[in-house]
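Architecture and fold: a report
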Amino acid sequence: MLEQGHQYVDGAFRRGSDSGTHDVVNPATGELVTRADLATPADVDTAVAAATRAQAEWGRATPGERAAALTALAAAMSERAEEYAQAETAQAGKPIKLSREFDVPGSIDNVSFYAGAARNLEGRASAEYDGAHTSVIRREPVGVVGSIAPWNYPLQMAVWKVMPAIAAGNTIVLKPAEITPITSLMLAEDCTRAGLPNGVVNVLNGPGRVVGEALVTHPGVRMTSFTGSTPVGQRIMELASGTVKRVHLELGGKAPFVVFDDADLDAAVQGAVAGALINSGQDCTAATRAYVQRPLYDAFVQGVADVMRTVRLGDPTDPSTDQGPLVSVKQRDAVAGYVDRARGYGAKVVVGGQAPGGDLARGAYYEPTLVVDVAQDSEIVQQELFGPVLVVLPFDTDDEGIALANDTPFGLAASAWSRDTFRTLRASREIQAGCVWINDHIPIVSEMPHGGYKASGFGKDMSQYSFDEYTQVKHV
């Protein structure tokens, strides 16, 4: 497949017009996965032209026709689910059990969800609201969507971008992260295999500052959807303003994990470790800062330390591995920098805090890490570090716990742990985040929306609510 090129435009693989290449590296071994060709702004023009031609036909397809195509796509992906899982693990370093049990089946489920959602667009009832005219609401496609997806969940994020867009009758040009393009290209190929018209789904592989910016500023692109860091999201908003594009942003997170003094301690400990270490902590909803009411604080820290020591760090292709490497040596070093600087201002590293030696030293591994004795205003508490690091701080009153949970610029996700219904309802009401889990951390389902408050962005992925992003409402 990849011998034909690392771009997918108008129903076919092709090579990018940039003379350079980018090495896609297995972060567990440092070995080359593929040498990817790169797109240029000229390729963006070609892909947008293909998407524009296709949108005229696809936008007129009936909801039933679009639903049938997405049902066929889910079947096509299911046929090579293991191939997707192996590719995802090779390019991103995630444990194969995570790829097999979460990333791939979750992505296929999302496709199946949108096959049904395509037939269920919502609006107000037609009526004579002024007594003299009949008002009708239409939901119409935006047009060509330019989407930029991150490297932490390459397949899932591609699906989250592509599916609501095309289910609503748009066409799309997707730019995956250049370090993890493979499964996005597989997805585009399967769209063609499933019978979607050529040009409905296009994938361009290349650097954000070249391909991404050309996509955001292109006059033929009517909407930009981006998942990634808050600083890049700010840059995209600036660029999109030049052509008055609709913008959907899912940005950084720094999820609080609030444990009240009546919580099930063992459940909270297990939930904190799972929530902090999923995908090696490279998850914008990962539990990164735990606030524990003082009566449980010492036992919680000890419990988390004990469980973290049992986490199996190793070869991501081994089904028994719990945590693989980070996506790159650059990312590992960035995480290590946060922990090392925290040590410098007096933090205590209870567990981990270093890259492992031995056979794992050739990969981008970092040990599961637990940090205590830090200030609320320190960078390790306030900034998204995107690695397997959990910081724990104590609090005294419920008011203080909720205030600390809200005391960062971010607001993507959070969790609250208590046996008291009134406490959990208060937390779910007052914590400023797009998702608040109660006595759990990290579960997502296709039927429910995902998106942030504050500096974590705006707009929703997944669920019926996502059609608010990808449709225009017209009053007739």
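Above this note sits the structure.
Quick look at the structure, then. None of the values given here were measured: they were computed from a predicted structure.

In space, the seven strands of this open sheet follow the order β13-β14-β15-β12-β11-β17-β18, with mixed pairing throughout. The open sheet has two edge strands, β13 (348-351) and β18 (435-438), and neither has a second partner. Adjacent strand axes in the sheet meet at a mean angle of 25 degrees when their direction is disregarded. Bridging between strand β12 (residues 287-293) and strand β15 (residues 389-395) involves five bridges; their strand directions are parallel. Each residue of the ladder has a partner; that of Tyr291, found in β15, is Leu393.

All right, on to the pairing of strand β6 (residues 144-148) then. Within β6, five of the five residues are buried, which leaves the element mostly enclosed by the surrounding structure. Judged by which residues are buried, β6 turns out to be covered on both faces: Val144, Gly146 and Ile148 on one side and Val145 and Ser147 on the other are all buried. Looking at chain direction, β6 and strand β7 (residues 171-175) are connected through five bridges and run parallel. Bridge pairing in β7 places Val145 opposite Ile172. You can see the chain leave β6, run along helix α5 (residues 154-167) and come back into β7, and the turn it takes is right-handed. Where β6 lies against strand β9 (residues 223-227), four bridges are found, and the strand directions are parallel. Each bridged residue has a counterpart across the sheet, and for Ile148 the counterpart in β9 is Phe226.

Another aspect to go through is the side chain of Ser446. Positionally, Ser446 belongs in the loop between β18 and β19 (453-454). Classification of Ser446 by relative accessible area gives buried; the value is 4%. One polar contact links Ser446 to Asn110, side chain to side chain, over a distance of 3.2 Å. Every residue in contact with Ser446, bar those within four places of it in the chain, is listed here: Gly106, Asp109, Asn110, Phe113, Met462 and Ser463.

A few words on the state of the cysteines. In the structure shown here, the tally under the stated rule is zero disulfides. Cysteine Cys435 is unpaired, with the sulfur of Cys284 as its nearest cysteine sulfur at 11 Å.

This brings us to the pattern of salt bridges. On inspection of all chains with the given rule, the structure shows 32 salt bridges. Where Asp322 meets Arg312, a salt bridge forms, and the shortest distance between an N and an O atom there is 3.0 Å. Here Asp322 is found in the loop between α10 (294-308) and α11 (329-344), whereas its partner Arg312 is found in the loop between α10 and α11, with 10 residues between them in sequence. Residue class for Asp322 comes out partly exposed when judged on its relative accessible area of 29%. Among the ionic pairs, Arg341 bridges to Glu379, the shortest N-O distance being 2.5 Å. Of this pair, Arg341 sits in helix α11 while Glu379 is found in helix α12 (residues 379-382), placing the two residues 38 residues apart along the sequence. According to the relative accessible area criterion, Arg341 is partly exposed, its value standing at 41%. Salt bridges here are not isolated pairs; linked through shared partners, they connect Glu79, Arg80, Glu83, Glu189, Asp190 and Arg193.

Cut-offs and rules
- Residues numbered from 1 in each chain as written.
- Predicted model: local features only at pLDDT ≥ 70, side-chain atom pairs only at ≥ 80, totals over all residues.
- Heavy atoms only, no water.
- Pairing = 2+ DSSP bridges.
- Helix = DSSP H or I, 4+ residues; strand = E, 2+ residues; numbered from the N terminus.
- Axes fitted to C-alpha atoms, helices over the stretch in contact; angles between N-to-C directions.
- Buried < 20%, exposed > 50% of the residue type's maximum accessible area, 1.4 Å probe, protein only.
- Right-handed = clockwise from strand over helix to strand, strands pointing away.
- Polar contact = N/O pair within 3.5 Å; in protein donor to acceptor, adjacent residues only side chain to side chain.
- Contact = heavy atoms within 4.5 Å.
- Disulfide = S-S within 2.5 Å.
- Salt bridge = Lys/Arg side-chain N within 4 Å of Asp/Glu carboxyl O.

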